[in-house]
Amino acid sequence: MSDCIFCRIAAGEIPAKKLYEDEHVLAFHDINPVAPVHFLVIPKLHVPSMAELGPEHVEVMGQVMTTVARLARENGCGEGFRTIINTGRVGRQEVYHLHVHVLGGPDVLPAMLKR
Ligand code: 5GP
Ligand code: ZN
């Protein structure tokens, strides 16, 4: 999947400001933040979008979501945050490697609505 930008970030071929990394999960700051806190959490495994998730992804997606919770706490989102997963054309997905947006800060309501 060398044509996938997030696979290339996971492989270290493209630089990113990483927040956390283990064998299966990677978190990094969004290159174009729309909130004071805006990072992405991805499975290292290439899954194009949420629409392709199946039973084989239960464990890694559990790891993704618990990583979201921990990193939100550790990055100043103790009063709450917004998570967004854009899926497919209708969901206005731009990068086809499943990722969870985590948006935090004083006013995240307007962020990422993509009107
Ligand atoms: P989507 O619309 O697919 O949910 O959002 C893709 C997100 O990936 C966008 O917020 C965009 O700013 C971010 N993004 C795209 N390319 C890169 C990149 O090369 N590095 C980083 N850190 N973020 C990226
Ligand atoms: Zn990928």
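Bear in mind the structure is a predicted one, so any value in this text is a computation, not a measurement.

1. Observations regarding the sheet that holds strand β3 (residues 37-43)
With respect to topology, five strands assemble into an open sheet ordered β1-β2-β3-β5-β4, the strand pairing being antiparallel. Strand pairing shows two members of the sheet lacking a second neighbour, β1 (18-21) and β4 (82-84), which therefore form its edges. Averaged over all pairs of adjacent strands, the angle between their axes in this sheet comes to 20°, without regard to strand direction. As judged from the three bridges shared by β1 and strand β2 (residues 25-29), these two strands associate in the antiparallel manner. Counterpart to Tyr20 in the pairing with β2 is Ala27. Each of β1, β2, β3, β4 and β5 (100-104) touches helix α2 (residues 58-74); the most contacted strand, β3, lies at about 160° to it.

2. Concerning the coordination of the zinc ion (ligand 2)
Looking at the zinc ion (ligand 2), one finds its protein donor set to be Cys4 (SG), Cys7 (SG), His46 (ND1) and His97 (ND1), positioned 2.0 to 2.3 Å from the metal centre. In this structure, the zinc ion (ligand 2) is surrounded by four donor atoms whose angles at the metal cover 106 to 117°, and the resulting shape is tetrahedral. Sequence spacing of the donors to the zinc ion (ligand 2): C-x2-C-x38-H-x50-H. Of this pair, Cys7 sits in helix α1 (residues 5-10) while His97 is found in the loop between β4 and β5, placing the two residues 90 residues apart along the sequence. Residue classification places Cys7 among the buried positions, given a relative accessible area of 14%. Classification of His97 by relative accessible area gives buried; the value is 0%.

3. Here's the deal with the nonpolar core
Phe39, Val41, Met61, Val64, Val68, Val100 and Val102 are the most contacted members of the largest nonpolar core, which has 16 residues in total. Breaking this core down by element, the ones donating at least two residues are β2, β3, α2 and β5. Membership of the second largest hydrophobic core comes to nine residues, among which are Cys4, Phe6, Ile9 and Ile42.

4. Brief notes about the pattern of salt bridges
Summed over all chains, the structure comprises four salt bridges. Residue Glu13 pairs with Arg8 through a salt bridge whose shortest N-O separation is 3.1 Å. Among the residues examined, Glu13 registers a relative accessible area of 49% and is labelled partly exposed. The class of Arg8 is partly exposed, set by a relative accessible area of 32%.

5. Focus on the layout of surface pockets
Over the atoms rolls a probe the size of a water molecule, and in doing so it shows where empty space is left. In this structure, the largest pocket encloses a volume near 460 Å³. Surrounding the largest pocket, 22 residues form its lining, Phe6, Asp30, Ile31, Asn32 and Leu40 being those nearest its centre. When contributions to the lining of the largest pocket are tallied by element, the ones reaching two or more residues are α1, β2 and β3. By residue number, the principal contributor to the lining of the largest pocket is α1, which donates three residues. By residue class, the composition of the lining of the largest pocket is 12 nonpolar, six polar and four charged.

6. Remarks on the pairing of β2
Here β2 lies mainly inside the structure; four of its five residues are buried. Where β2 and β3 come together, five bridges link them in antiparallel fashion. In the sheet register, Leu26 faces β3, and the bridge partner there is Ile42.

Reading guide: rules and limits
- Residues numbered from 1 in each chain as written.
- Chains lettered and ligands numbered in written order.
- Predicted model: local features only at pLDDT ≥ 70, side-chain atom pairs only at ≥ 80, totals over all residues.
- Heavy atoms only, no water.
- Pairing = 2+ DSSP bridges.
- Helix = DSSP H or I, 4+ residues; strand = E, 2+ residues; numbered from the N terminus.
- Axes fitted to C-alpha atoms, helices over the stretch in contact; angles between N-to-C directions.
- Contact = heavy atoms within 4.5 Å.
- Donors = N, O, S within 2.8 Å, 3.2 Å for Na, K, Ca; no water.
- Tetrahedral: all angles 85-135°; square planar, octahedral: opposite > 155°, others 65-115°.
- Buried < 20%, exposed > 50% of the residue type's maximum accessible area, 1.4 Å probe, protein only.
- Core = buried A, V, L, I, M, F, W, Y, C linked by side-chain atoms within 4.5 Å.
- Salt bridge = Lys/Arg side-chain N within 4 Å of Asp/Glu carboxyl O.
- 1 Å grid on protein atoms, 1.4 Å probe; cavity = no way out; pocket = protein on both sides within 12 Å on 5 of 7 lines; lining within 4 Å.
- Points joined across faces, edges and corners; volume = space filled by probe spheres on them.
- Nonpolar A, V, L, I, M, F, W, Y, C, P; charged D, E, K, R; others polar.

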